[in-house]
Amino acid sequence: MNEDSFFEALKAQYANQLPFVVYSRPINSIIKCWLQKDDTLHKTETFTESGFVFAPFDFKNQSVLLLETDCEQYSIEVESKIESQISKTQLVINENEKTSHISLVSKGISTIQQESLKKVVLSRCETQELTNNNPISIFKKLYHKYKNAMVYCWYHPKVGLWLGATPELLFKVEGKQLTTISLAGTQPYRRISKPVWTNKELEEQQIVTDYITNQIQPYTSQINVSNVETVRAGNLLHLKTRITSRIANTSSLKSIIDALHPTPAVCGFPRQEAKDFILQHENYNREYYTGFLGELNLKQSKTRNTNRRNVENNAYAVVKTQSNFYVNLRCMQIKEDKALIYVGGGITKDSNPEKEWEETVNKTKTIGNVLT
Ligand SMILES: C=C(O[C@H]1C=CC=C(C(=O)O)[C@@H]1O)C(=O)O
């Protein structure tokens, strides 16, 4: 299938109001799509099926599944995934939204100072009028703009239309190998200067790393934690640590999901207290923002020997089950002619409410940049 017919097939699928997902994983020139044949809404609770999953922040809402057996899959290789220049969008600041976000963050800080809550991730949803509400053309713009992200467009007529460019892997499983990352701390990307991180950001990210390592301990062995590095996500920089381990034979995928979702990077710490605070005070429903999405239990076959001349060895292909889940960040939902953009940030005792507001404004630009 060539690029034109690939996008034509997607266009037709959307026009026929049938479910689909189109996505490209970070630093990857392959764009894949899954087209479901009818509009049945499949859900998963056990995560034992094979397919593409779209899971909410709060498991009280449904995790939607595009079943592998119910979908046609296509992929194309696009020649170069070159990060195009980030244009500087001037956002119009809504003063009411600013006041209410600052007041939410201040409430978070005072709760952290008085109680056992150490970190809470507080967010808001910003509405922007759209001049172009064609999801496929927005997806293409996101794809060309964000090389280091999992860029996607997901649609189900009974759920909604979501797009995003997320820098955050929740985890990936290949056979028994588990890889996850701890991503937190934010500052704007500046081409010329070397980033300097404050204690607030270093501490905020360390909370995430410690939490993840602790949570996976009962289910895995040989845990390995990398050094902290700075990574770029569009117009922003974050702190990142890579954590790898080996899954025990007795551990299910669902147990790993329950251990890791939602991480303190999107919820807070301790988890239940942070989640209670969010559900009580944020004043809107996050739905699939800070949930996760990705390939579930797909069989990948890898040949042991890539030397083409060694035909005998090539016959021994190893089949491994793989899952790749990304946290649904830097995302939006499209409803008619409006984009609902979701943005948040981690609050600790040292947070400054005005700066936290600015951080959400900077994050809005990730998505806002492709809408103009
Ligand atoms: C909750 C968000 O970001 C998280 C991921 C990376 C850095 C974050 C931060 O610096 O606060 C957040 O924890 C968001 O982008 O909406």
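Cut-offs used in this document
- Residues numbered from 1 in each chain as written.
- Predicted model: local features only at pLDDT ≥ 70, side-chain atom pairs only at ≥ 80, totals over all residues.
- Heavy atoms only, no water.
- Disulfide = S-S within 2.5 Å.
- Buried < 20%, exposed > 50% of the residue type's maximum accessible area, 1.4 Å probe, protein only.
- Near = heavy atom within 4 Å.
- Polar contact = N/O pair within 3.5 Å; in protein donor to acceptor, adjacent residues only side chain to side chain.
- Areas by Shrake-Rupley, 256 points an atom, 1.4 Å probe, with all protein chains shown as cover.
- Helix = DSSP H or I, 4+ residues; strand = E, 2+ residues; numbered from the N terminus.
- Nonpolar A, V, L, I, M, F, W, Y, C, P; charged D, E, K, R; others polar.
- Core = buried A, V, L, I, M, F, W, Y, C linked by side-chain atoms within 4.5 Å.
- Contact = heavy atoms within 4.5 Å.
- Axes fitted to C-alpha atoms, helices over the stretch in contact; angles between N-to-C directions.
- Parallel < 35°, antiparallel > 145°, perpendicular 65-115°, else oblique.
- Pairing = 2+ DSSP bridges.
- Salt bridge = Lys/Arg side-chain N within 4 Å of Asp/Glu carboxyl O.

(A) Spatial organisation of the state of the cysteines. With the rule as written, the count across this model stands at zero disulfides. Between Cys33, a cysteine without a disulfide, and Cys71, which holds the nearest cysteine sulfur, the sulfur-to-sulfur distance is 9.5 Å. Since its relative accessible area comes to 1%, Cys33 is described here as buried. Not part of a disulfide, Cys125 finds its nearest cysteine sulfur in Cys331, a span of 9.1 Å.

(B) Inspection of the site of the ligand at higher detail. Taken together, 18 residues lie near the ligand, and Thr186, Ala265, Tyr289, Arg330 and Gly346 sit nearest. In this structure, an oxygen atom belonging to the ligand sits 3.2 Å away from a main-chain N or O atom of Gly185. Out of a free accessible area of 390 Å², the ligand has 100% covered by protein chains. Looking at the shell around the ligand, the elements with two or more residues in it are β11 (177–188), β19 (338–347) and α8 (353–368). Broken down by class, the residue content of the shell around the ligand amounts to seven nonpolar, six polar and five charged.

(C) Broad picture of the nonpolar core. Counting residues in each nonpolar core, the largest one holds 51 residues, and the members touching the most others are Phe52, Trp154, Trp162, Phe171 and Phe325. In this structure, Trp154 is in contact with Phe20, Val21, Phe52, Phe54, Val64, Leu66, Val159, Gly160, Leu161 and Trp162, ignoring residues within four places of it in sequence. Listed in part, the 31 residues of the second largest apolar core include Tyr143, Leu161, Ile334 and Ala339.

(D) Main features of the packing of helix α1 (residues 3–15) against helix α3 (residues 135–145). Look at α1 against α3: their axes get within 10 Å of each other, and the N-to-C directions meet at 135 degrees. Relative to α3, the element α1 lies oblique. Within the contact between the two elements, α1 uses Phe7, Leu10 and Tyr14 and α3 uses Pro135, Ile136, Phe139 and Lys140. Tallied by class, residues from the contact of α1 with α3 come to six nonpolar, no polar and one charged.

(E) Structural view of the environment of Glu68. Relative to the elements of secondary structure, Glu68 occurs in the loop between β5 (64–67) and β6 (71–77). For the pair Glu68 and Tyr326, spaced 258 residues apart in sequence, the C-alpha separation works out to 18 Å.

(F) Geometry of the sheet that holds β6. Read across the open sheet, the nine strands follow the order β6-β2-β1-β8-β9-β18-β19-β7-β15; overall the sheet is antiparallel. This sheet does not close on itself; its edge strands, each paired only once, are β6 and β15 (268–269). Of the strands in this sheet, β1 (20–24), β2 (30–36), β6, β8 (150–156) and β9 (160–166) are in contact with α1, which crosses β2 at around 35 degrees. In the packing of helix α4 (residues 199–216) onto the sheet, the strands contacted are β7 (119–129), β15 and β19, and the crossing angle to β7 comes to about 105 degrees.

(G) α3, seen in detail. Within α3, the full set of buried residues consists of Pro135, Ile136, Ile138, Phe139, Leu142, Tyr143 and Lys145. Between the side-chain oxygen of the N-cap and the backbone nitrogen of Ile136 there are 2.9 Å, and the N-cap of α3 in question is Asn134.

(H) Molecular detail of the side chain of His261. Along the chain, His261 falls in the loop between α5 (253–260) and β15. On the accessibility criterion, His261 (6% relative accessible area) is buried. Reaching out from His261, the side chain makes a polar contact with the backbone oxygen of Pro56 at a distance of 3.1 Å. Residues in contact with His261, not counting those within four places in the same chain, are Pro56, Phe57, Phe59, Leu170, Arg271, Thr290, Gly291 and Phe292.

(I) Just the pairing of β11, in detail. Buried residues dominate β11, accounting for ten of its twelve residues. A loop of two residues connects strand β10 (residues 169–174) with β11, the two strands running antiparallel in sequence, and Gly175 in this loop sits at a positive phi of about 60 degrees. Direction of pairing for β11 relative to strand β14 (residues 236–247): antiparallel, over a ladder of eleven bridges. Bridge pairing links Ser182 to Thr241 in β14.

(J) Spatial organisation of the pattern of salt bridges. According to the stated counting rule, one finds 16 salt bridges in the structure shown. Across the salt bridge formed by Lys98 and Glu354, the nearest N and O atoms sit 3.1 Å from each other. Of this pair, Lys98 sits in helix α2 (residues 95–114) while Glu354 sits in helix α8, and the two are 256 residues apart along the sequence. A salt bridge links Arg286 to Glu282, with the shortest nitrogen-to-oxygen separation between them at 2.9 Å. As far as the burial class goes, Arg286 and Glu282 line up, both buried.

This is a description of form; function is not addressed.
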